Amino acid sequence: MAITKGEDVYASLLLNDGYLPGALVLAHSLRDSGTNKKLAILITPETVSNEVVEQLQTVYDYVIPVETIQNDRPANLFLMNRPDLHSAFTKINLWKQTQFRKIVYIDADVVAYRAPDELFDLPHAFSAAPDIGWPDLFNTGVMVLAPNMGDYYALLAMAERGISFDGADQGLLNMHFRNTYNRLSFTYNVTPSAHYQYIPAYKHFQSSINLVHFIGSEKPWVQGRTHTTGSGTYDEMIGRWWAVYDRHYRNNSNKTTDVVEKFVKGEQQQRNVSFQIPPSQSQSHSTQNQITPYNTYNSYGQSWDAARNSPPAGSKPEAANFPNSHYKMSSSTQQFVAPARYPSPPKDMWYKVPEAAPTQKTAPIFPWEKQAPAPTRVFAEPPPEQRKPSVASIVTPASATRSPTIEPKSEAVTPTTPGSANTWTSFTTRGNAWDDVPEINRYVDALQKHRRSGSKGSAAATSRPTSPGRAQSRSRRSSRVTDFPTEDDRPSLPVTPAPIQGPRSSRGENARQFPAAAGVPAQSEWDPAAQLEKLALHQQETLQKLGERPAFGGLAIGTAGKEIPARALPFGSEDARSPTYVAQSPSVLSPKPLRASTTGTNSVRRILTIDEEGGNVPLTTTEKKTPSPLPTQPSITIAPPSYQGPGAAFEKGEDFPTHETPALPTEEERDVLET
Ligand SMILES: O=c1ccn([C@@H]2O[C@H](COP(=O)(O)OP(=O)(O)O[C@H]3O[C@H](CO)[C@@H](O)[C@H](O)[C@H]3O)[C@@H](O)[C@H]2O)c(=O)[nH]1
Ligand SMILES: [Mn+2]
């Protein structure tokens, strides 16, 4: 590539093939950081192979051959144990590159965290950062210089005479630019040490690091990727170097990688690890399985601080270096012969199941766990255990059928239906208050009779065969107004009848099947029919007792009257009274607040109460407010209501009976009526 006169370039130096990985990583790190400056590298052609030069050309814009300048008096190099730096004087060739306006020189053992393009704008002829070993000196790993032949010849003259206190370029340059150098921030040439770090300063300034320089003879590619020093900061910086390397060369099977890996410790060996096959087997089973090993070093996590920087330009996805394995299919045609013995499994690998559950509470991690307020929410008691079956549920219909007093039902029934045994029909758990009022019963009976004959026709109604038992049952049930169809109306459902257990052969069998429960009489001593009778009797007595005691808001009907619950009147009709209405008791009054207004009719605006003798005494609203005790309530009887008009069972569009025998006239009757 032709060099533009007066260009700015980043430049590096390669004296031999061994520093190739460093030179490539440096170039990539600058490119990845997005610089648009050109990259140049000085090489000594007699010590750098063509193969390496080719690789340099893939990344560097200019590969510039220069003459090697050796130190003929290398004694001082041994003082710092770096005889390898015998040709470090070659670096002074930088001042000879006058085709460039400014050079930012960077050693091949540097990785850029960012491209320090601003250095090209420095007005100074020469700038460098302090050396960590002796901070009055500058380190020659990073320099900003303006090439000129004046400095070049001066430096060359010194070099030829071996004037350098360390025997290498740093001693020489520090002597030449001693008083004229512009000191750069340490962040442009951070030189980590595995043994010593000014860690607080590193933590404080790490976000402003521009370039990290791995000084000394132990370069990252020389140590290999598995090498760790134990120093967190140093390993972190080493990790940044490997991140760039991995980004460009790991798992890339191209020529560049093949060349580079030669100079990186452990890379080629790791690429070609093969299973160790016993010698006996390797003869018969010659094909070796090639595997790319899983490598534990994960430099990606250390390559980029997401909290501080945006992702590096051109960086690969997070799992780009995810370990993967490649296996080659065996092409051997020989039969596999199993080895005499396989290696025994490791003996120290086992998991001990803890004997007891860990009692220790997990240590809190988050602040809200530590400062958690005490819970205030109260939970309901756990649901009670399934109640023990009551007496009623113990006596199942199946057991009832075993009783000699109850006839088993001949037709199929829904298994859950208690059956048609007389005991059950008389055992009514729920009923209406008016069920036992004969007038109502009569009315409903008549109504149902009328409806049946109206809907099904008289012929059907009369021709229906009814057994005496059924007729009895219907008459008993006729007063129950319910949605559930009567036995006659119910179709015979095609259900599988519940299996009826046959009588037990002996008591011993029962005892075997059902172990006796404490406090519960033995099955054999239990007469379900008798118990049901008892239960029904008890309930009847209880209901009677309840009926005798008028509850608040209730209206006593007779001595054993039933309760009529108080109901709120429909909205707007609270004050309305039937003209025939006579208040019977203060307890039936609506609890609505009363107004002081006395206008209107007495029956509406006044509250009537009953005195001791049963007479009506008007009580004004103001008097009502006084907390005088109400007179004791006498037992009141009211005249039976006249049941005229439609009742609860009335349906729209249906005429209602006005007489006790609502059945339609028979055909003969009609004939008589029509004539
Ligand atoms: O075998 C070698 C040795 C050196 N170099 C080049 O020369 C530079 C300097 O050598 P290096 O190993 O990096 O030296 P440092 O360990 O950094 O030692 C210090 O001392 C050197 C000699 O004074 C200076 O050049 C360095 O800038 C300074 O940091 C390297 O970066 C390379 O660019 C090679 O290419 N091949
Ligand atoms: Mn260096």
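Residues numbered from 1 in each chain as written. Chains lettered and ligands numbered in written order. Predicted model: local features only at pLDDT ≥ 70, side-chain atom pairs only at ≥ 80, totals over all residues. Heavy atoms only, no water.

K.L.:
What's the story with the coordination of the manganese ion (ligand 2) in this structure? I'm lost.
P.N.:
For a metal with four tetrahedral donors the ideal donor-metal-donor angle is 109.5 degrees, while six octahedral donors give ideal angles of 90 or 180 degrees. The protein atoms donating to the manganese ion (ligand 2) are Asp107 (OD), Asp109 (OD), Asp109 (OD) and His213 (NE2), with metal-donor distances spanning 2.1 to 2.4 Å. Around the manganese ion (ligand 2), the six donor atoms are arranged such that angles at the metal cover 56 to 172°; this shape is classified as irregular. Summarised as a motif, the one-chain spacing of the donors to the manganese ion (ligand 2) is D-x1-D-x103-H. Placement of aspartate 107 in the loop between β4 (100-106) and β5 (110-112) and of histidine 213 in strand β9 (residues 211-213) is noted, with a sequence separation of 106 residues between them. Residue class for aspartate 107 comes out buried when judged on its relative accessible area of 13%. The exposure class assigned to histidine 213 is buried, which follows from its relative accessible area of 2%. (Donors = N, O, S within 2.8 Å, 3.2 Å for Na, K, Ca; no water. Tetrahedral: all angles 85-135°; square planar, octahedral: opposite > 155°, others 65-115°. Helix = DSSP H or I, 4+ residues; strand = E, 2+ residues; numbered from the N terminus. Buried < 20%, exposed > 50% of the residue type's maximum accessible area, 1.4 Å probe, protein only.)

K.L.:
Please explain the nonpolar core as it appears in this structure.
P.N.:
Ranked by internal contacts, the top residues of the largest apolar core, which has 51 residues, are Leu56, Tyr60 and Ile106. With eight residues, the top contributor of residues to this core is helix α8 (residues 232-249). Setting aside chain neighbours within four positions, we find leucine 56 in contact with Leu14, Leu20, Ala23, Leu24, Ile41, Ile43 and Val63. Of all hydrophobic cores here, the second largest spans 31 residues; its members include Val66, Ala128, Leu155 and Ala159. (Core = buried A, V, L, I, M, F, W, Y, C linked by side-chain atoms within 4.5 Å. Contact = heavy atoms within 4.5 Å.)

K.L.:
What am I meant to see in the packing of helix α4 (residues 149-160) against helix α5 (residues 169-176) here?
P.N.:
What describes two packed helices is the angle between their axes and the distance between those same axes. Across the interface, α4 lies against α5 with an axial gap of 10 Å and an inter-helix angle of 125°. In terms of orientation, α4 and α5 fall into the oblique class. In the crossing of α4 with α5, the sense of the turn from one axis to the other is right-handed. Counted together, Asp151, Ala154, Leu155, Met158 and Ala159 of α4 and Leu172, Leu173, Met175 and His176 of α5 form the full contact between these two elements. (Axes fitted to C-alpha atoms, helices over the stretch in contact; angles between N-to-C directions. Parallel < 35°, antiparallel > 145°, perpendicular 65-115°, else oblique. Left-handed = near helix turned anticlockwise from the far one by under 90°.)

K.L.:
Before we go on, may I ask you to explain the site of ligand 1 in this structure?
P.N.:
Around ligand 1, the structure places 23 residues, and the nearest of them are Leu13, Tyr19, Arg82, Asp169 and Gly216. Separating an oxygen atom of ligand 1 from a backbone N or O atom of leucine 13 is a distance of 2.6 Å. One of the side-chain N or O atoms of threonine 140 is found 3.2 Å from an oxygen atom in ligand 1. Compared with its free state, where it exposes 640 Å², ligand 1 has 95% of that area covered by protein. Within the residue set of the shell around ligand 1, elements represented by two or more residues are β1 (7-14), β7 (138-145) and α5. Grouping the constituent residues of the shell around ligand 1 by class yields nine nonpolar, seven polar and seven charged. (Near = heavy atom within 4 Å. Polar contact = N/O pair within 3.5 Å; in protein donor to acceptor, adjacent residues only side chain to side chain. Areas by Shrake-Rupley, 256 points an atom, 1.4 Å probe, with all protein chains shown as cover. Nonpolar A, V, L, I, M, F, W, Y, C, P; charged D, E, K, R; others polar.)

K.L.:
Could you clarify how one ought to interpret the sheet that holds β7 in this entry?
P.N.:
Across a sheet, paired strands are connected by hydrogen bonds in the backbone, their directions being either parallel or antiparallel. Strand order in the open sheet formed by seven strands is β3-β2-β1-β4-β7-β6-β8, and the pairing between neighbours is mixed. Here the strands that pair on one side only, and so sit at the sheet edges, are β3 (62-65) and β8 (182-183). Looking at chain direction, strand β6 (residues 126-130) and β8 are connected through two bridges and run parallel. Across the sheet, serine 127 pairs through a bridge with asparagine 182, a residue of β8. Seen against the sheet, helix α2 (residues 50-59) touches β1, β2 (38-43) and β3 and runs at an angle of roughly 165° to β2. (Pairing = 2+ DSSP bridges.)

K.L.:
What should I look at first to understand the pattern of salt bridges in this one?
P.N.:
Two side chains with opposite charge may pair up if their charged atoms get near one another. The full count for this structure, using the stated rule, is 15 salt bridges. Between lysine 38 and glutamate 7 there is a salt bridge whose closest N-O contact spans 2.9 Å. You can see lysine 38 sitting in strand β2 and its partner glutamate 7 sitting in strand β1, a full 31 residues away along the chain. Judged by its relative accessible area of 12%, glutamate 7 falls in the buried class. For aspartate 246, the salt bridge identified is with arginine 225, shortest N-O distance 2.7 Å. Of this pair, aspartate 246 sits in helix α8 while arginine 225 sits in the loop between α7 (220-223) and α8, and the two are 21 residues apart along the sequence. Where salt bridges share partners, they join Asp8, Lys37 and Arg101 into one cluster. (Salt bridge = Lys/Arg side-chain N within 4 Å of Asp/Glu carboxyl O.)

K.L.:
Help me out: how do you make sense of the pairing of β2 in this one?
P.N.:
Looking down a regular strand, the side chains alternate between one sheet face and the other. Here β2 lies mainly inside the structure; five of its six residues are buried. Alignment of β1 against β2, held across six bridges, turns out to be parallel. From the neighbouring strand, leucine 14 faces β2, where its bridge partner is isoleucine 43. Once the chain exits β1 it traverses helix α1 (residues 20-32) before rejoining the sheet at β2, and the crossover so formed is right-handed. A crossover links β2 with its parallel partner β3, the connecting element being α2, and its sense is right-handed. (Right-handed = clockwise from strand over helix to strand, strands pointing away.)

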